Amino acid sequence: MLKVHLRVFVEVENLGKAMNALVDAGITGFYVLEYKGMSPQDWKGFAIKEDPKSAISLIRDYATDAMLICSVVEEERTDEIVESVMKALEGEKYTILEVPIRRIIVNYKSEVQERAETWLMEKKVPCFYCGENAVQRIRIDMNKAKIWCTNCGAARYYLIKGVEKEEN
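Being a predicted model, the structure only gives us computed values, none of them experimental. (Residues numbered from 1 in each chain as written. Predicted model: local features only at pLDDT ≥ 70, side-chain atom pairs only at ≥ 80, totals over all residues. Heavy atoms only, no water.)

Trainee: Help me get a handle on the overall build of the protein chain, residues and values and all.
Mentor: Each helix and strand in the protein chain was counted, giving 4 helices and 8 strands. In the protein chain, the order of α-helices and β-strands from amino to carboxyl end is β-α-β-α-α-β-α-β-β-β-β-β. Within the span of the protein chain, comprising 168 residues, buried residues form 26% of the whole. Relative to all contacts within the protein chain whose residues are 6 or more apart in sequence, the contacts with residues 24 or more apart total 59%. In the structure as shown, the protein chain presents an accessible area of about 12600 Å², 52% of it carried by carbon and sulfur atoms. (Helix = DSSP H or I, 4+ residues; strand = E, 2+ residues; numbered from the N terminus. Buried < 20%, exposed > 50% of the residue type's maximum accessible area, 1.4 Å probe, protein only. Contact = heavy atoms within 4.5 Å. Areas by Shrake-Rupley, 256 points an atom, 1.4 Å probe, with all protein chains shown as cover.)

Printed below as a string of structure tokens:
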């Protein structure tokens, strides 16, 4: 199942609205980053010296305090979640980015275990189910594989019965 790194940029005063909309849409976890930003409309007309102190001073003096709310979500749920945020922030200034995730690696310091790399691939071919020439997503783990169509969502699952480990 493909994951998306969902990023919602909001002004500080809209942080609560955005977080409530994400939770209402089913987000179970997120992280928040505080930042200062300027939109192109705010930046237009500024000419600054190209030394770092001048640039930093300009950002401190004129940039807007804002928040970035980030969460990893299943691709299939992204539209529903985005609609919830858009509805909650109607009339407000915001930016939403959806960044596809190719791989997630979580390292638990205390656990020592060997893990095979997950392969994620895409290939545009006719779907086995709908017949459309569409991107087929392929995920191969250590003992299983999944292929699903981005057009109709039909999926095939395979179990890999044996694994050979290369000798060093």
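Next comes the rest of the description.
Trainee: Can you tell me about the pattern of salt bridges, naming the residues and giving the values?
Mentor: Applying the stated rule across the entire model yields 6 salt bridges. Via salt bridges that share partners, Glu75, Glu122 and Arg137 belong to a single interconnected network. (Salt bridge = Lys/Arg side-chain N within 4 Å of Asp/Glu carboxyl O.)

Trainee: Provide a residue-level description of the sheet that holds strand 5 (residues 119–126), including the pertinent values.
Mentor: Spatially, the 4 strands line up as an open sheet ordered 5-6-7-8, and their pairing is antiparallel. The open sheet is flanked by strand 5 and strand 8 (155–159), the only strands paired with a single partner. The average angle at which neighbouring strand axes cross in this sheet is 20 degrees, direction not considered. In this sheet, strand 8 lies alongside strand 7 (residues 144–149) in antiparallel orientation, the contact comprising 5 bridges. Considered in strand 8, the bridge of Lys144 is made with Leu159. (Pairing = 2+ DSSP bridges. Axes fitted to C-alpha atoms, helices over the stretch in contact; angles between N-to-C directions.)

Trainee: Account for the nonpolar core, with residues named and values stated.
Mentor: Of all hydrophobic cores here, the largest spans 17 residues; its most connected members are Leu6, Val10, Leu22, Ile69 and Ile81. For this core, the elements supplying multiple residues, two or more each, are strand 1 (3–11), helix 1 (15–24), strand 3 (64–74) and helix 4 (78–88). Non-local contacts of Val10, meaning those with residues more than four positions away in its chain, are made with Leu15, Ala18, Ala66, Met67, Ile69, Leu89, Lys93 and Tyr94. (Core = buried A, V, L, I, M, F, W, Y, C linked by side-chain atoms within 4.5 Å.)

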